[in-house]
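Chain residues, written in single-letter form:
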Amino acid sequence: MASGAEDAGREWTRLPVQWLAEHQRARKYDRADLCCGMIPLLGGQVVRPAYRWLLRQRPSQLLAHIRSVTDPDGFVALKNQYAATGHAGANDCNNALNRVTWIVASKGGSVHDVTIGDCVELQHAIGEHQSNGYHGKHLFYALLAGLGVFGPKAPARLKTVMLPGQLTPAALVDRQGITCTAIRDLLVDYLTERAVDVDYTTLEDMARTLAGLFWRDLEKHHPGIDSLRLDADAVTAWRERVRMVRDRHGTPIRPRVNAHTVFSWVRTFYQDLARWAADEPTRWGPWVAPCPVRDSDTDHSMNRARRKAAMDQRTRTLLPALPALVKAVERQLKDAQTCLATGRETPAGAPFTTPAGETLLRRAGVSSRVYADDPATDRRRDLTVEEERAFWAWAIVEVLRHTGMRIEEALELTHHSFVAYQLPTTGEIVPMLQVAPSKLDQERLLLVSPELGEVLTAIIHRVRRGQQAMPLVSAYDSLERLWSAPMPFLFQRRCGPEDRAIPRNYIYTCLNDALAASGLTGPGNEQLRYTPHDFRRIFVTDALRSGLPPAHRRPHLRPPDGRHDPRLCRDLPRGRHQPPPVLHRPPPGAATRGGVPRAHRPGVAGLPRPLRAAEGRPRRLRPRLRHPLCP
């Protein structure tokens, strides 16, 4: 630190040379001698530099020498763990060993002294000081965890620690920086009560609205305010500010689309306090005040009609282009597979022609990926990645258009979702697909058509990669901020040395790339854009256009009168007092994605669904969080 070597980075050797020149002393060594002298200092842990110095050095010889003198047995055990887990490739192994070496060189100790916090700190340092594409590689953590360095209860993946989890109501409120302590405590208590009825995404939106857009905005324009009883001028000015989206300087940018939702949260907040005061007057009574939001402010029937008309027009535009999209993704997959196979067979440096007529030059390398240079664009192409994205674009299009599932339901399909049922009357084997609940807390079964069965078979064959069982991976729900248990998800792919569940943003990337390559355009000659939910709307619309009445449009599309597929419901087994199995989604009712109960009461118009329980159900009937040791 005092010498300035850490700031100099790779040019640290010029500092002693410059010092000798300033003091007019003879120079008896060069840069190579200085680097060789630094190796025993780092290996003996005499010097412990920071990550910003270590990450700027060339790791070819330096880190290998450090491993040879610092805990060599520990690094040999890491190599054996790498080979025992079935991984292959010297690059991935060296990268994992280098990361552990960086930790040992900077923190001291041995391999078995590394902690999870050291791994997280290293990952942040790599993201800050390096840009070589290895920031997301966490194989070194998996090897350390496999050796038992972190103990038996350590998370299986480093991302489990690095990605944010659910925040408490107090943390959600404190992010807005409320000045009044009494109002802050009130909002924390209110959100704690409501957290039982809503999912985390809704709770986060409530905290952002009540603490940020409502009370923090009032504090900025009315310093010292500490009461929910607001005067008419303050209410009018606040309503006008909420209707516009503003930048950090307070300048209006555009009208707020969901202003009615903000008003609904505030109105429900005041009405909940008034009702709860009847049960607990000491706790909630002092905060009862007139509601500053009128009932007309929460009306969004006009916006809902406009949104419905826009969605209908979008469906009418995308439905005729669906057959062309299906053919385009099939053609892109075949071309990508042919190009990849040709590239593998072509020797390094030799040209080859793609199905699209492009001439590429095979690049040399020892990686399992196939790279080629495009002379026309003068850029390198990863043929392995192109084939992978083409496959998953084809797979998601086929799965969504044949099932009408939501994107979260498709990504949660596992190898255990398949059910083979034999009908007792005919002996016919009916393949079925069990769909986990997403928006409503009830599972359902789907009939697997021959076309869908071929797609699912191709997915399983790709994920297995010749193994007997599918890899077990954990999926991260970015909305609920929770990790699932390790499961054999169908939508998973190989990322470097590890298997990962496919996230939602990767699906969007594959779809957008496929649409851009297809060249499909709309009536205005603009490029068409499909979202995963568009396939669900198209599925329902196509079912209605084919002549099926709304009450019979496929058993998994939530018929309003609760009817079932007579062929399946007649033959599926059930207990003596068990009702017929539900093979569709029930009407809107009792739960949200992930199985968290969602409040709902039909007949209350103009309010978001999570608000209806607080207005329509007495508070004494709502479930409350209680400690398991306290009655």
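Anything mentioned here points back to the structure above.
Residues numbered from 1 in each chain as written. Predicted model: local features only at pLDDT ≥ 70, side-chain atom pairs only at ≥ 80, totals over all residues. Heavy atoms only, no water.

A. Structural detail: the packing of aromatic side chains. Under the defined criterion, the tally for this structure stands at 14 aromatic pairs. Relative to Phe263, the ring of Trp238 lies with its centre 5.6 Å away and its plane at 75 degrees, an arrangement referred to as edge-to-face. Here Trp238 is found in helix H14 (residues 232-242), whereas its partner Phe263 is found in helix H15 (residues 259-279), with 25 residues between them in sequence. Just as Trp238 is buried, Phe263 falls in that class too. Both rings, one in Phe391 and one in Trp392, keep their centres 5.1 Å apart while their planes meet at 80 degrees; by these two values the pair is edge-to-face. (Phe/Tyr/Trp six-rings, centres within 6.5 Å; stacked < 30°, edge-to-face > 60°. Helix = DSSP H or I, 4+ residues; strand = E, 2+ residues; numbered from the N terminus. Buried < 20%, exposed > 50% of the residue type's maximum accessible area, 1.4 Å probe, protein only.)

B. Here's a closer look at a nonpolar patch on the surface. A grouping of Leu41, Val46 and Val47 is seen on the molecular surface, where their side chains present a nonpolar patch of about 230 Å² in accessible area. Relative to the assigned elements, Val47 resides in the loop between helix H3 (31-43) and helix H4 (51-54). (Patch = residues over 30% accessible without salt bridge, like charges linked within 9 Å, V, L, I, M, F, W, Y side chains within 5 Å. Areas by Shrake-Rupley, 256 points an atom, 1.4 Å probe, with all protein chains shown as cover. Salt bridge = Lys/Arg side-chain N within 4 Å of Asp/Glu carboxyl O.)

C. Representation of the packing of helix H6 (residues 72-84) against helix H9 (residues 139-146) in the model. Contact pair H6 / H9: the axes reach a minimum separation of 9 Å and the direction vectors enclose 100 degrees. Judged by the angle between their axes, H6 and H9 are roughly perpendicular. Contacts between H6 and H9 involve Leu78, Gln81 and Tyr82 from the former and Leu139, Leu143, Leu144 and Gly146 from the latter. Among the residues making up the contact of H6 with H9, the classes are represented as 5 nonpolar, 2 polar and no charged. (Axes fitted to C-alpha atoms, helices over the stretch in contact; angles between N-to-C directions. Parallel < 35°, antiparallel > 145°, perpendicular 65-115°, else oblique. Contact = heavy atoms within 4.5 Å. Nonpolar A, V, L, I, M, F, W, Y, C, P; charged D, E, K, R; others polar.)

D. A look at the pairing of strand S8 (residues 429-435). With 5 bridges connecting them, strand S7 (residues 418-422) and S8 associate as antiparallel partners. The partner of Tyr421 across the bridge, within S8, is Val430. If you look at the hairpin formed by S7 and S8, you'll find 6 residues sitting between the two strands, and Gly427 has a positive phi there, around 75 degrees. Here S8 pairs with strand S9 (residues 444-447) via 4 bridges, running antiparallel. (Pairing = 2+ DSSP bridges.)

E. Region of the structure containing helix H12 (residues 181-194). Its 14 residues give H12 an end-to-end C-alpha distance of 20 Å, which sits within 8% of 20 Å, the value for a rise of 1.5 Å per residue. When H12 is considered as a whole, its buried residues turn out to be Ile183, Leu186, Leu187, Val188, Tyr190, Leu191, Glu193 and Arg194. (Expected span 1.5 Å × (residues − 1).)

F. Molecular detail of the sheet that holds S8. Strands sit in the order S7-S8-S9 across an open sheet of 3 strands; the sheet is antiparallel. The open sheet has two edge strands, S7 and S9, and neither has a second partner. Direction aside, the axes of adjacent strands within the sheet are offset by 40 degrees on average.

G. Quick peek at the packing of helix H18 (residues 322-345) against helix H22 (residues 504-518). Between H18 and H22, the shortest axis-to-axis distance is 10 Å and the interhelical angle comes to 100 degrees. One element, H18, and the other, H22, form an angle in the roughly perpendicular class. Contacts between H18 and H22 involve Leu325, Ala328, Val329 and Gln332 on the former and, on the latter, Ala514, Leu515, Ala517 and Ser518. Residue classes in the contact of H18 with H22 are distributed as 6 nonpolar, 2 polar and no charged.

H. View of the pairing of strand S2 (residues 252-255). Where strand S1 (residues 244-246) and S2 come together, 3 bridges link them in antiparallel fashion. For Arg246, the partnering residue across the bridge sits in S2 and is Pro252. What sits between the antiparallel neighbours S1 and S2 is a turn of 5 residues, in which Gly250 has the positive phi angle 90 degrees.

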